[in-house]
Amino acid sequence: KGETKFVPFDWISLFLALLAIALWILTDNPVAAVILVILTDWLGFLPTIRKGYYRPFEETISLYSLSAFKWMLGLIALQTFSLTTALFPMCIMFGNVAFAVMLWWRRKHAPRLTN
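Thresholds, definitions, all that
- Residues numbered from 1 in each chain as written.
- Predicted model: local features only at pLDDT ≥ 70, side-chain atom pairs only at ≥ 80, totals over all residues.
- Heavy atoms only, no water.
- Helix = DSSP H or I, 4+ residues; strand = E, 2+ residues; numbered from the N terminus.
- Polar contact = N/O pair within 3.5 Å; in protein donor to acceptor, adjacent residues only side chain to side chain.
- Contact = heavy atoms within 4.5 Å.
- Axes fitted to C-alpha atoms, helices over the stretch in contact; angles between N-to-C directions.
- Parallel < 35°, antiparallel > 145°, perpendicular 65-115°, else oblique.
- Left-handed = near helix turned anticlockwise from the far one by under 90°.
- Nonpolar A, V, L, I, M, F, W, Y, C, P; charged D, E, K, R; others polar.
- pLDDT = per-residue confidence, 0-100.
- Expected span 1.5 Å × (residues − 1).
- Bend = angle between axes of the 7 residues up to and from the residue.
- Buried < 20%, exposed > 50% of the residue type's maximum accessible area, 1.4 Å probe, protein only.
- Phe/Tyr/Trp six-rings, centres within 6.5 Å; stacked < 30°, edge-to-face > 60°.
- Lys NZ or Arg CZ within 6 Å of the ring centre and 35° of its normal.
- Core = buried A, V, L, I, M, F, W, Y, C linked by side-chain atoms within 4.5 Å.

Residue position: N96 is located in helix α4 (residues 83–109). Only 3.2 Å separates the side chain of N96 from the side chain of S67, close enough to count as a polar contact. Excluding its chain neighbours within four sequence positions, the residues that come into contact with N96 are Y64, S67, A68 and W71.

We now examine the packing of helix α3 (residues 61–77) against α4. For the pair α3 and α4, the least separation of the axes is 8 Å and the interaxial angle reads 155 degrees. Put simply, α3 runs roughly antiparallel to α4. When the axes of α3 and α4 are compared, the crossing they make is left-handed. Classifying every residue of the contact of α3 with α4 by side-chain character gives 17 nonpolar, 3 polar and 1 charged.

Take the confidence of the model for the protein next. Residues at a pLDDT of 70 or more form 94% of the protein, whose mean pLDDT is 87. Across the protein, α3 holds the top mean pLDDT of 96, while helix α1 (residues 8–26) sits lowest at 79.

Taking 1.5 Å per residue as the helical rise, helix α2 (residues 30–54) with its 25 residues ought to reach 36 Å, and the 36 Å between its terminal C-alpha atoms agrees with that figure. At F45, α2 shows its largest kink, close to 35 degrees, and the proline P47 lies no more than four residues downstream. By the burial criterion, the buried members of α2 are A33, V34, L36, I38, T40, L43, F45, P47 and G52. For α2, the elements touching its buried residues are α1, α3 and α4. Where α2 starts, the residue carrying a side-chain oxygen 3.0 Å from the main-chain nitrogen of V31 turns out to be N29.

All chains considered together, the criterion is met by 6 aromatic pairs. Relative to F88, the ring of W71 lies with its centre 5.5 Å away and its plane at 85 degrees, an arrangement referred to as edge-to-face. Linking W71 in helix α3 with F88 in helix α4, this pair joins segments that are 17 residues apart in sequence. Among the aromatic side chains, those forming a connected cluster through ring pairs are F45, Y64 and F99. Positioned above the aromatic ring of Y53 is the side chain of R106, whose terminal nitrogen or guanidinium carbon lies 4.0 Å from the ring centre.

Here we take up α4. With 27 residues, α4 should cover 39 Å at 1.5 Å per step; its first-to-last C-alpha distance of 37 Å lies within 8% of that length. All of the buried residues in α4 are A86, L87, P89, C91, I92, G95, N96, F99, A100, M102, L103 and R106.

Judged by nonpolar contacts, F45, I61, Y64, F99, A100, M102 and L103 together constitute the single largest core of 7 residues. When residues of this core are traced back to their parent elements, those giving at least two are α3 and α4. At 4 residues, α4 tops the list of elements feeding residues into this core. Look past the residues within four positions of F45 in its chain and what remains in contact with it is Y64, G95 and F99.

Set out below in structure tokens:
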């Protein structure tokens, strides 16, 4: 299934993510580049978070939990641990865990809607 209706929030997220990509291309600082990549990723993830909040039964908790585990293993495997190398995996891992917990919580407290 795919979404065919886009709300203004989705378009704003897309525009901000594209702006962050443009800024990322222009930067010479590795830490700033990583922060802009994280910002871009999170802005691109905002429509998924919104959909997951309103329709928690349409997203897969195990997918995001396993993804968080994958990024944790990636952090452990780093040979050089620095802000530049560790910040992106840590933020993605945190985002996946937070999203999985939000889905779990919403499934417990939101009524199951039928389309």
